[in-house]
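Chain residues, written in single-letter form:
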Amino acid sequence: MKTLSTIATTFVLGLVSIHIYAADYNFKPGLWETTTTVEFEGVPANMAAMMKVPSQTEQECIKSTELMFESDKKCKFEQKRVSANKILVDVTCTESKAVIKGKGEVNFNGKTTSGWFEMEVSQGPAGPMKIKNKFKGKYLGPCK
């Protein structure tokens, strides 16, 4: 149970904290702080309470020379650039025996970013479930 919430939080933080071609988006490279919240649906209330993850805030230096959403052995990403201010993402991941499918949106506003991501897990602790993530980020200054 803790593993799924960790995967969800880590994945969403990665949406805005790694692999961005800053020149292609309304985004300022540098030190960023991102806060993420995670909610679970489709599980009994007592399980949802046990799986509850407090909001997490992380800081990371984001450079302009990296790519966004690279597929790997576990996850395949499909990215659609809507504009300099928005990206839509579809993802399919295989984790242990579960298939995780998701979609999300990342919005760029120069020195702020926000977005959401929803994942459907085929085999959660009590059967299929949905994980909803929301995040907000802000530019703090040059990387240290």
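Calculation notes
- Residues numbered from 1 in each chain as written.
- Predicted model: local features only at pLDDT ≥ 70, side-chain atom pairs only at ≥ 80, totals over all residues.
- Heavy atoms only, no water.
- Helix = DSSP H or I, 4+ residues; strand = E, 2+ residues; numbered from the N terminus.
- Contact = heavy atoms within 4.5 Å.
- Buried < 20%, exposed > 50% of the residue type's maximum accessible area, 1.4 Å probe, protein only.
- Polar contact = N/O pair within 3.5 Å; in protein donor to acceptor, adjacent residues only side chain to side chain.
- Disulfide = S-S within 2.5 Å.

Asker: Even after reading the chapter, I still don't get the environment of cysteine 93, so can you show me in this structure?
Answerer: Along the polypeptide, cysteine 93 turns up in strand β4 (residues 86-95). Along the sequence, cysteine 93 and cysteine 75 sit 18 residues apart, while their C-alpha atoms lie 4.1 Å from each other. Dropping the residues within four chain positions of it, cysteine 93 is found in contact with Lys74, Cys75, Ala98, Val99 and Ile100.

Asker: Looking at this structure, how should I read the environment of threonine 57?
Answerer: Structurally, threonine 57 is set in strand β2 (residues 56-62). Judged by its relative accessible area of 44%, threonine 57 is partly exposed. Distance in space between the C-alpha atoms of threonine 57 and lysine 136 is 9.5 Å, their sequence separation being 79 residues. Within the structure, threonine 57 has its side chain in polar contact with the side chain of threonine 35 (distance 2.9 Å).

Asker: Got a minute to help me understand the side chain of threonine 113 in this structure?
Answerer: Relative to the helices and strands, threonine 113 resides in strand β6 (residues 112-124). Looking at threonine 113, its side chain comes within polar contact range of the main-chain oxygen of asparagine 107, at 2.6 Å.

Asker: Help me understand the state of the cysteines in this model?
Answerer: What is meant by a disulfide is a covalent connection between two cysteines, made through their sulfur atoms. Inspection of the entire model under this criterion finds two disulfides. Put simply, cysteine 61 and cysteine 143 are joined by a disulfide, and their sulfur atoms are 1.8 Å apart. Disulfide cysteine 61 to cysteine 143: torsion about the S-S bond roughly 95°, handedness right-handed. Placement of the pair is cysteine 61 in strand β2 and cysteine 143 in the segment after β7 (127-141), with a sequence separation of 82 residues. Between the sulfur atoms of cysteine 75 and its disulfide partner cysteine 93 the distance amounts to 2.0 Å. In this structure, the disulfide formed by cysteine 75 and cysteine 93 twists by about 115° around the S-S bond and is classed as right-handed. One end of the pair, cysteine 75, is in strand β3 (residues 75-83); the other, cysteine 93, is in strand β4, and 18 residues separate them in sequence. The burial state of cysteine 75 is the same as that of cysteine 93; both residues are buried.

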